[in-house]
Amino acid sequence: MSASGNPHFRLADIRMGSIPDVTAPTVTLGTPTIAYDQLFLPFTTDEAATYRIEYGYGNYAQTLNGPADGWATSHNATLTGLTRGATLQYRIVATDHAGNAGFATGSTSIIDPPPPTTATVTIAVDAANPHAISPWIYGMNFYQSSAATTRNLTIDRMGGNRWTAYNWENNASNSGSDWGPYSNDSHLGGGETPGEAVRGVIAADRTRGNASIFTVQMQGYVSADKSGLVTLNFPSHLASRFKQVVFKKPGGPANFTTTPSTTDANVYMDEFVWAMNQKIPGLYTDPVNPSFILLDNEPELWPSTHAEIQQSPISVADYLTKTIALTKAIKDVAPGAKTFGPVHYGYNGIINWQGAAGFTSSYWFTDKYLDDLKAASTTDGRRLLDVYNFHWYSEAKGSGTRVIGLTSPTLTEAQIQAVVQSPRSLWDPTYTEDSWVAENLGGPVRIVSRLQEKIAARWPGTGLAITEWANGGNNHIAGAIAVADNLGVFGQQRLFQASMWPDGDLASHTFDLAGFKMYRDFDGALSTFGDICLPTVSSNTALVSAYVSRDSVQPGRYVIVVINRSNAPQAVDFTGLALAGTARVYRMTGASLNPVFVGSPAVNLATWITPLPAYSITTVEITAANQPANYAAWRAANFSGADLTSDAISGPTADPDGAGLNNYARYAFELDPRGPVASPEKLSTLTTPSGATVLSLSFPVRAAGTDLSYQVQTSADLVTWTTVATYGPDASLKVSWTDAIPISGFGAARHFARVRVSLP
């Protein structure tokens, strides 16, 4: 130290460097598991690493890359689409942060595993409490664009932001904030023919065998022209570029026309609904391919999606006033039409109308909506709203990313699990997803169950629909699993309607759309899930869900969809359903976008244990052996205990549920033994080549039965009936009869027809 007290330092010959990491990670292979055409490879590394698997038959020609950001010491890889009966060799290549690569090799024969002897998951079937599955849960938005690739869906929805400002008189619409933004244009097609943008789609739907849903405008303004962008700060843009929506046309139906003036100031909604029924007669009441009506779209978001016509939020009171007025106008001209509202965009709309005052954790907007619409319906003397409707894009997260954004073909295990578990938030009181919605609710979301409970408490008989939904995993088997699980939940939870929203072009949706096949086209020949749900409970829903159905038309046909959402093989058994017969088994894994036929084993659910590969969907169609051939056998198969010996409950003339059909009719027409059922016969008319209108009657019959005779009878006065045709049980399962007596034209008289079933 110097005299001044200031320190002095001298540094010389200082050198800095690093020792390079040249040590490769050590790979330790766990026990591989073979499941049909899959190989599950667990392994560890002694330091954080990523990996790839090189594999093939006598070579390493194929490669599976692990997650690019999947730095970990514990790894699980699944090779799919392998050749059964061949010997596979594989090489694990693990790479650390320094780029050093460690290896482990192995080989194995890809053979069917032996039948499992112990189940890991049990599915309990409640066969005593069946209920009908709505045919309309297998839907898609703009299905006309994807019907060729996703066959045999049931309903097409015309919805979305585009339809809020749709003008049926000239087919102009506005994009809202989706494009442009705020462009008045001809995007929806239809030319200048009034309503053609809607009529054309419905006509194509009906040709394809689909029902339809279309939007009726409620916000208040629709596009007047197709002249492009709308300038929001132009003071008179509403008056110059839009027309006002009026729910009821002055003068009523007497002034209706299918070719309204496009130069007046208003567009009338009752006339729109009426005109569509003129263009396609009977479209609202057709029992096979009906059309349903949406009350606009996502009204809570109008200020953000449609600022060109709605720049401030609509109040709850004003919205409900509009809803009641529009539904009255619709029911006046189409009393048989089913109306869907309020078409919520999501959770906050359901809870509190996007932050409106007066709602609490126990009193949602849903409660007020149901109360007010019920009160208005009671006052009006008819049901104004048929279906409570919302949208559900899962808010669940995996590794911090919302599942609907997980569209890559490569996902981490945490991301996969977030996708495949997300359907449980529709109903499961034991599952809490990682999302702000779960945080807001303080636990499980169970949104469908919550809404069904509110409907049951406040306005029973109201249907429930999810007209837009998505769960992500678009290009990964996780997406197919989520779709298949959703469809099973929709049926089990008694939804009236559901339609997926495939955002973007079809090329961005591979596996999620493929998931529909496991219910609607599992064998490539359009075979489907049954239309009667037998509710199920899984002993471990986190691993496996299963959905069981029965076919109301084909005797003894059951279809089961079993979903393994875990990364390891599972073995499943069943309780509660006495069923034995021949099965057809189809499976979907990450190896293929199409179900693969696995085999046709003899099955007895009392003893059958079925293996499930990791991340797979399995559809099992079982045709029961030894179907009841007489009423006594049917009675024994469907009643038990004291019910079986009580003629007041299980006797042939008993109607224990008060549904209007006795047990013998349920037996004869292959109807559910319990619960409400639709009439088994369908009476309609058809036109003969000579132009006469005659009665036509169709009804189901049993495939076999020693104590059945079906007589078609006709009458002119509903007093005296004459048997004109007699049928016995038939393997074709359906009878169609056509009358010879015209009920229209010259000389026509009143004529009635019915079917009577009795002993031969």
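1. Things to note about the overall build of the protein chain
On a plain count of helices and strands, the protein chain comes out with 17 helices and 41 strands. Dimensions of the protein chain, computed from the C-alpha atoms along their principal axes, are close to 130 × 75 × 50 Å. A total of 760 residues make up the protein chain; the buried ones form 53% of that total. Within the protein chain, counting contacts between residues at least 6 apart in sequence, those at least 24 apart form 67% of the total.

2. A short note on the pairing of strand S6 (residues 87–95)
Inspection of the sheet shows strand S3 (residues 38–56) paired to S6 by seven bridges, in the antiparallel sense. Bridge pairing links Gly56 to Gln89 in S6. Pairing of S6 with strand S7 (residues 101–109) involves nine bridges; the strand directions are antiparallel. Looking at S7, one finds that Ala94 is bridged to Gly102. Counting the residues in the hairpin turn of S6 and S7 gives five residues, including Gly99, whose phi is positive at 90°.

3. What to know about helix H3 (residues 269–279)
For an α-helix the count is 3.6 residues per turn, leaving residues at separations of three or four pointing the same way. Looking at H3, one finds that the buried residues are Met269, Asp270, Glu271, Phe272, Val273, Ala275 and Met276. Residues of H3 that are buried make contact with helix H1 (196–208), strand S14 (211–216), strand S17 (242–246), strand S18 (266–268), strand S19 (291–295) and helix H5 (316–333).

4. A few points about the packing of aromatic side chains
One pass over the full model with this rule turns up 37 aromatic pairs. Taking 5.5 Å as the distance between ring centres and 80° as the angle between the ring planes, the aromatic pair formed by Tyr347 and Trp436 counts as edge-to-face. Taken as a pair, Tyr347 in helix H6 (residues 347–352) and Trp436 in helix H9 (residues 436–441) lie far apart in primary sequence, 89 residues in all. Residue classification places Tyr347 among the buried residues on the basis of a relative accessible area of 4%. Between Phe365 and Tyr369, the ring centres sit 5.7 Å apart and the planes meet at 40°, which makes this aromatic pair tilted. Within this pair, Phe365 and its partner Tyr369 are both found in helix H7 (residues 365–380), separated by four residues, close to a single helical turn. Residue Phe365 is classed as buried on the basis of its relative accessible area, which comes to 0%.

5. A closer look at the side chain of Asp386
Tracing the backbone shows Asp386 in the loop between H7 and strand S21 (387–393). Side chain to side chain, Asp386 and Lys331 meet in a polar contact 2.7 Å long. For Asp386, the contacting residues outside a window of four places in its chain are Lys331, Ala337, Lys338, Thr339, Gly461, Thr462 and Gly463.

6. Regarding the sheet that holds strand S27 (residues 536–538)
The four strands are arranged S27-S8-S30-S34 in an open sheet whose pairing can be described as mixed. Both outer strands of the open sheet, S27 and strand S34 (609–612), are each paired with one neighbouring strand and no more. The mean angle between the axes of side-by-side strands here comes to 25°, regardless of whether they run parallel or antiparallel.

7. Re the nonpolar core
Grouped together as the largest cluster of nonpolar side chains are 111 residues, with contacts concentrated most on Phe214 and Ile447. A per-element tally of this core places helix H11 (residues 477–492) first, with ten residues. In contact with Phe214, other than residues within four places in its own chain, are Met158, Val198, Ile202, Phe272, Met276, Tyr284, Ser291, Phe292, Ile293 and Leu294.

8. Side note on the pattern of salt bridges
Evaluation of the coordinates by the stated rule reveals 28 salt bridges. Between Arg91 and Glu54 there is a salt bridge, and its shortest N-O distance comes to 2.6 Å. Taken together, the positions of Arg91 in strand S6 and Glu54 in strand S3 put the pair 37 residues apart, joining distant regions of the chain. For Arg91, a relative accessible area of 26% gives the class partly exposed. Exposure remark for Glu54: the relative accessible area of 11% places this residue in the buried category.

9. Notes on the side chain of Gln497
Within the secondary structure layout, Gln497 lies in strand S25 (residues 497–500). Within polar-contact distance, the side chain of Gln497 engages the side chain of Ser499 at 3.5 Å. For Gln497, the residues in contact, after removing those within four places along its chain, are Trp136, Ile137, Ile155, Ile213, Phe340, Leu464, Ala465, Ile466 and Thr467.

10. Description of the pairing of S14
Counted residue by residue, S14 has six buried out of six residues, so it is predominantly covered. Side chains Ala211, Ile213 and Thr215 of S14 all project onto a buried face; the interleaved residues Ser212, Phe214 and Val216 project onto the opposite face, where all are buried too. As judged from the three bridges shared by strand S11 (residues 155–157) and S14, these two strands associate in the parallel manner. The residue bridging Arg157 from the neighbouring strand is Ile213, located in S14. The sheet contact formed by S14 and S19 spans five bridges and is parallel.

11. Re H11
Compared with the 22 Å implied by 1.5 Å per residue over 16 residues, the 23 Å span of H11 between its first and last C-alpha is a close match. Counting buried positions over the 16 residues of H11 gives 16, a clear majority of the element. Downstream of H11 by a residue or two, Arg494 has a phi angle that is positive, lying close to 65°.

12. Examining the packing of H7 against helix H10 (residues 447–458)
Where H7 contacts H10, the two axes come as close as 10 Å, and the packing angle between them is 30°. Both H7 and H10 take part in a crossing whose hand is right-handed. Residues Thr366, Asp367, Leu370, Asp371 and Lys374 of H7 touch H10, and the partners they reach there are Leu451, Lys454, Ile455 and Arg458. The residue makeup of the contact of H7 with H10, split by class, is three nonpolar, one polar and five charged.

13. Brief notes about the sheet that holds strand S13 (residues 183–185)
Within the open sheet, the three strands sit side by side as S12-S13-S16. Their pairing is antiparallel. Looking along the sheet, the strands with just one partner apiece sit at the ends: strand S12 (173–174) and strand S16 (228–229). Pairing analysis gives two bridges linking S13 to S16, with the strands arranged antiparallel. Of the residues in S16, the one forming a bridge with Asn184 is Gly228.

14. Some thoughts on unusual backbone geometry
Residue Pro181 is reached from Gly180 by a cis peptide bond, and omega for that bond is -5°. Tracing the backbone through its elements, the reader meets Pro181 in the loop between S12 and S13. Cis peptide bonds are those with omega within 30 degrees of zero, and the linkage from Gly341 to Pro342 qualifies with 0°. Although it is not a glycine, Leu718 sits at a positive phi angle of roughly 65°. By secondary structure assignment, the location of Leu718 is in the loop between strand S38 (709–715) and strand S39 (722–727).

15. Things to note about the environment of Leu686
Looking at the element boundaries, Leu686 is found in strand S36 (residues 682–687). Residue class for Leu686 comes out partly exposed when judged on its relative accessible area of 32%. Taking the C-alpha atoms as reference points, Leu686 and Ser696, separated by ten residues in sequence, lie 6.6 Å from one another. Filtering out sequence-adjacent residues up to four positions away, Leu686 remains in contact with Ala692, Thr693, Val694, Ser696 and Thr738.

16. Quick notes on empty space enclosed by the protein
The final tally for this structure, using the stated rule, is two cavities of 30 Å³ or more. Of the pockets and cavities examined, the largest cavity occupies roughly 60 Å³. Looking at the largest cavity, the residues that line it are Trp392, Ser394, Ser422, Pro423, Leu426, Ile466, Trp469, Ala470, Asn471, Asn486 and Phe490. Every element with two or more residues in the lining of the largest cavity is listed here: strand S24 (463–470) and H11. A per-element tally of the lining of the largest cavity places S24 first, with three residues. Across the lining of the largest cavity, the residue classes break down as seven nonpolar, four polar and no charged.

Thresholds applied
Counting restarts for each chain, with residues numbered from 1 along the sequence as it is written. This being a predicted model, a pLDDT of at least 70 is required before a residue's local features are given, and a value of 80 or more before pairs of side-chain atoms are given or counted; all residues contribute to the totals for chains, interfaces and linings. By convention in this description, side-chain values take in all heavy atoms of the structure and omit both hydrogens and water. Secondary structure elements are taken from DSSP: a helix is a run of H or I of four residues or more, a strand is a run of E of two residues or more, and numbering for both begins at the N terminus. The rule is simple: take the accessible area with a 1.4 Å probe, protein chains only, and divide by the maximum for that residue type; under 20% is buried, over 50% is exposed, in between is partly exposed. Residues are treated as being in contact if the distance between any of their heavy atoms lies within 4.5 Å. In short, DSSP must find at least two bridges between two strands for them to pair. The rule is short: rings of Phe, Tyr and Trp, with Trp giving its six-membered ring, pair when the centres are within 6.5 Å, and they are stacked under 30 degrees, edge-to-face over 60, tilted in between. Polar contacts, as used here, are pairs of N or O atoms within 3.5 Å; protein pairs need one atom able to donate a hydrogen and one able to accept it. Residues neighboring in sequence count only if both atoms are side-chain atoms. Angles here are taken between N-to-C directions and fall from 0 to 180 degrees, while the axes themselves are lines fitted to C-alpha atoms, restricted in helices to the stretch in contact. Only buried Ala, Val, Leu, Ile, Met, Phe, Trp, Tyr and Cys residues count toward a nonpolar core, and they belong to the same one when joined by side-chain atoms within 4.5 Å. Any carboxyl oxygen of Asp or Glu that lies within 4 Å of a side-chain nitrogen of Lys or Arg is treated as forming a salt bridge with it. Expected helix span is given by 1.5 Å per residue-to-residue step, counting one fewer step than there are residues. Crossings are classed by handedness, with left-handed meaning an anticlockwise turn of the near helix from the far one by less than a right angle and right-handed meaning a clockwise turn. Think of it as three bins: nonpolar holds Ala, Val, Leu, Ile, Met, Phe, Trp, Tyr, Cys and Pro, charged holds Asp, Glu, Lys and Arg, and polar takes everything else, Gly as well. Buriedness of a pocket was judged along seven lines, with at least five required to meet protein on both sides within 12 Å; pockets are open sets of points on a 1 Å grid over the protein atoms alone, cavities are sets where a 1.4 Å probe fits but cannot get out, and lining residues have an atom within 4 Å of a point. Grid points are joined across faces, edges and corners, and a volume is the space filled by probe spheres set on the points.

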